[in-house]
Amino acid sequence: GTNISLSSDRNFENNKAANLGANHTKLAINYGNIDENLSQKASISFWHNHNSYGSNIIGSNRPLFYMSNGNSSYHEGVVLGCTESSNKLRLVSYEAPNVGFANELTHTVPSSNNAWTHYVISYNFTGTNRFIKVYMNGLLITNKPLTHNMPIPTNKKMYFLGWTESNNSMIGKIDDIKLFNENMY
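Residues numbered from 1 in each chain as written. Predicted model: local features only at pLDDT ≥ 70, side-chain atom pairs only at ≥ 80, totals over all residues. Heavy atoms only, no water.

A. Summary view of the confidence of the model for the protein chain. Looking at the protein chain as a whole, its pLDDT mean stands at 81, while 86% of the residues score no less than 70. Averaged over each element, pLDDT in the protein chain is lowest for strand β8 (residues 99–108) (78) and highest for strand β9 (residues 116–124) (93). (pLDDT = per-residue confidence, 0-100. Helix = DSSP H or I, 4+ residues; strand = E, 2+ residues; numbered from the N terminus.)

Pasting the structure below:
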């Protein structure tokens, strides 16, 4: 099975949040069916309730959010995750091997069960004002100017709490995923 079930959300309403258990399969949104331009400019908002870690990692990252740029390497695109050893949030974005960055942030993924955390990833890969911003519970925790481009991927999917069709990296609940075709902040 998929090991994804419905659970109570952050407002304590039953069957409103996705609960991703151990060895869960994908939780992906095919945004090509919604707006193809989301790979170039968007804001992604979601709530996460951390439980524990899954079995798979990307290098040393456990993704909360992953969007591939369609190239061959797992880290090419955008990853917001936490490091395996320190539980600190990490923002990774590469256009191609050695073209991009990996920044470990000072904030950690809350480890308290039943604690909901709100994340917003806002990015612009077009024009001269290219950036990735990350907000945690309404506070800007990183604003990274970009010097690299982001190819338009053929696989127009965003993954939550994992990084491919079958790999899980985080166990917990996710709620209220919203995609915006503009930068919210």
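B. View of the packing of aromatic side chains. Applying the stated criterion to the full structure yields five aromatic pairs. Consider the rings of F46 and F160, whose centres lie 5.4 Å apart with planes at 75 degrees: the pair is edge-to-face. Taken as a pair, F46 in strand β4 (residues 41–53) and F160 in strand β12 (residues 157–160) lie far apart in primary sequence, 114 residues in all. Taken together, a centroid distance of 6.1 Å and an interplanar angle of 25 degrees make the contact between Y66 and Y159 stacked. Here Y66, found in strand β5 (residues 61–68), pairs with Y159, found in strand β12; they are 93 residues apart in sequence, far enough to count as distant. For Y66, a relative accessible area of 4% puts it in the buried group. Chaining the aromatic ring pairs together yields one cluster made of F46, F65, Y119 and F160. Directly above the aromatic system of F131 lies the positively charged group of K133, at a separation of 4.9 Å from the ring centroid. (Phe/Tyr/Trp six-rings, centres within 6.5 Å; stacked < 30°, edge-to-face > 60°. Buried < 20%, exposed > 50% of the residue type's maximum accessible area, 1.4 Å probe, protein only. Lys NZ or Arg CZ within 6 Å of the ring centre and 35° of its normal.)

C. Seen up close, the side chain of D175. Mapped onto the elements, D175 comes out in strand β13 (residues 170–180). Engagement of the side chain of D175 in a polar contact is seen with the side chain of R10, the distance being 2.9 Å. Apart from the residues lying within four places of it in its own chain, the contact partners of D175 are D9, R10, K16, A17, F46, W47 and W116. (Polar contact = N/O pair within 3.5 Å; in protein donor to acceptor, adjacent residues only side chain to side chain. Contact = heavy atoms within 4.5 Å.)

D. Broad picture of the pattern of salt bridges. Here the structure, examined in full by the defined rule, presents four salt bridges. For D176, the salt bridge goes to R10, with nearest N and O atoms at 3.1 Å. Note that D176 is positioned in strand β13 and R10 in the loop between β1 (4–7) and β2 (17–20), a separation of 166 residues in sequence. Take D176: its relative accessible area is 30%, and that puts it in the partly exposed class. Between K41 and E182 there is a salt bridge; the shortest N-O distance is 3.6 Å. Here K41, found in strand β4, pairs with E182, found in the segment after β13; they are 141 residues apart in sequence, far enough to count as distant. What makes K41 partly exposed here is its relative accessible area of 29%. For E182, a relative accessible area of 46% puts it in the partly exposed group. (Salt bridge = Lys/Arg side-chain N within 4 Å of Asp/Glu carboxyl O.)

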